[in-house]
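Results of the structural survey
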Amino acid sequence: MRRAFGLILLALGVFAAAGAVLLPTYVYPKLAKVPLDQDSTSVLEGTVSKVLAVTDKGAGPVAEIRENRKLTATGRVQANFARPEMHQDTDYAVWLLAVQVKDDADDTVVNASKRQVCFDRRTSEGYDPKGATDPACTRESSYITRLKDKADKDGQKPPETNDYKAQPGLNFKFPFGTEQKDYQVYDDNTEKAVTARYTGTETVSGIETYKFVQDIPDTRIETKSVPGSLVGSTEPTVDADLYYRGVTTIWVEPVTGIEVKQQQQQHQELRPGATAPVVVFDGTLAYNGNTVARMVDQVDENRGRLQFLSSTGPLWLGIGGGVLVVVAIFLLIRRRPAEPPAPPQRRHRVPVGADR
């Protein structure tokens, strides 16, 4: 009976020890991926000192610099299942991000952008083929939508074109198991990966986060054709360089890689060369309370499961398995105590002559 019980404990101990190894090395990598089916919205709000607004009330587009305006930026992320990369068990996802920034006073759209990116579901790295003969993502799966400066006809929206290009660096979130180190994060304005420096820990809505700061120096973005009146010129139109600088601060929950909070401080100005620079955007936008609350809910929903697979589960299985193996070995090698010797049998003497 003791031997059978010892063998059962030994089997359970070996099974637990194997689970301690398999959970972080096999199960966790299989499950620690962003979902393919994605449709989410985030909202940033803030007050800016200056913003360029272009309106068209029927007499053609009119550009003006507005001051001290409250803006709302709404970003929507949607999965694009039309792409060939979006199949079951894939390691890559294709998501489309559309952002629209409005002046709260009259709902004028002061900025809009759209881009699609194919990225690694585990690391969140935008895929860059770098000349690969068999790329994991097709060329058409990553692009940035460009909007022409002018419409083909008055009263119409300027046409859009897709610029197919890779978007390297982290996209949408940080990797699962974010570490206390610097990361390369994709920046929408410069369209390249920029270092986000790890600066310490901070608690956001009860969640311990890692704080990262992305400091982007003065950078020329593009050359635009703008009305001369906008930059103090008497010419009808003037070519001006658009420069951008900014600081993006991101608070990341490390287990899930979810960006619990984000703040964007931006400054943009037009530099025509012949006249003084003109500020076309200066202000700070940050996640509103509802967006932060949704991010916290996502963390609460996923963190426990990921922690069990990567750390707590293997730890307890390893300890439990070790204890079971030790007890099983003790039971199997322990000898039974020796049985006491049988008492000597008495021999009955027969009296001499008794049978006579």
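Here goes a summary of the coordinates provided. (Residues numbered from 1 in each chain as written. Predicted model: local features only at pLDDT ≥ 70, side-chain atom pairs only at ≥ 80, totals over all residues. Heavy atoms only, no water.)

1. Remarks on the pairing of strand S5 (residues 143-147)
The test is simple: Criterion used throughout: strands pair if DSSP finds at least two bridges between them. The numbering of helices and of strands both runs from the N terminus, where a helix is a DSSP run of H or I of at least 4 residues and a strand a run of E of at least 2.
In this sheet, S5 lies alongside strand S4 (residues 109-120) in antiparallel orientation, the contact comprising two bridges. Within S5, the position partnered with Arg-115 by the bridge is Ile-144. Here S5 pairs with strand S6 (residues 160-164) via five bridges, running antiparallel. Residue pairing in the sheet places Ile-144 in a bridge with Asp-163 of S6.

2. Looking at the state of the cysteines
Formally: By convention in this document, the label disulfide applies to cysteine sulfur atom pairs within 2.5 Å. Note on exposure labels: buried denotes an accessible area under 20% of the residue type's maximum, exposed denotes more than 50%, and partly exposed covers the range between, all computed with a 1.4 Å probe on protein chains only.
Within this structure, the stated rule accounts for one disulfide. Here Cys-118 pairs with Cys-137 through a disulfide, and the sulfurs are 2.0 Å apart. For the disulfide bridge between Cys-118 and Cys-137, the dihedral angle about the S-S bond is near -55°, and by the sign convention the bridge is left-handed. You can see Cys-118 sitting in strand S4 and its partner Cys-137 sitting in the loop between S4 and S5, a full 19 residues away along the chain. Assessed through its relative accessible area of 5%, Cys-137 is described here as buried.

3. Observations concerning the side chain of Thr-90
For clarity, the cut-off: Polar contact criterion, stated in full: a pair of N or O atoms within 3.5 Å, where within protein one must be able to donate a hydrogen and the other to accept it, and residues adjacent in sequence count only if both atoms are side-chain atoms.
Tracing the chain through its elements places Thr-90 in the loop between strand S2 (61-79) and strand S3 (92-103). One polar contact links the side chain of Thr-90 to the main-chain amide nitrogen of Tyr-92, over a distance of 3.1 Å.

4. Details of unusual backbone geometry
A positive phi angle is found at Phe-172, which is not glycine, with a value near 75°. Structurally, Phe-172 is set in the loop between S6 and strand S7 (183-187). You will see that Glu-191, though not glycine, has its phi angle at about 60°, which is positive. Take Glu-191: it is sitting in the loop between S7 and strand S8 (192-204).

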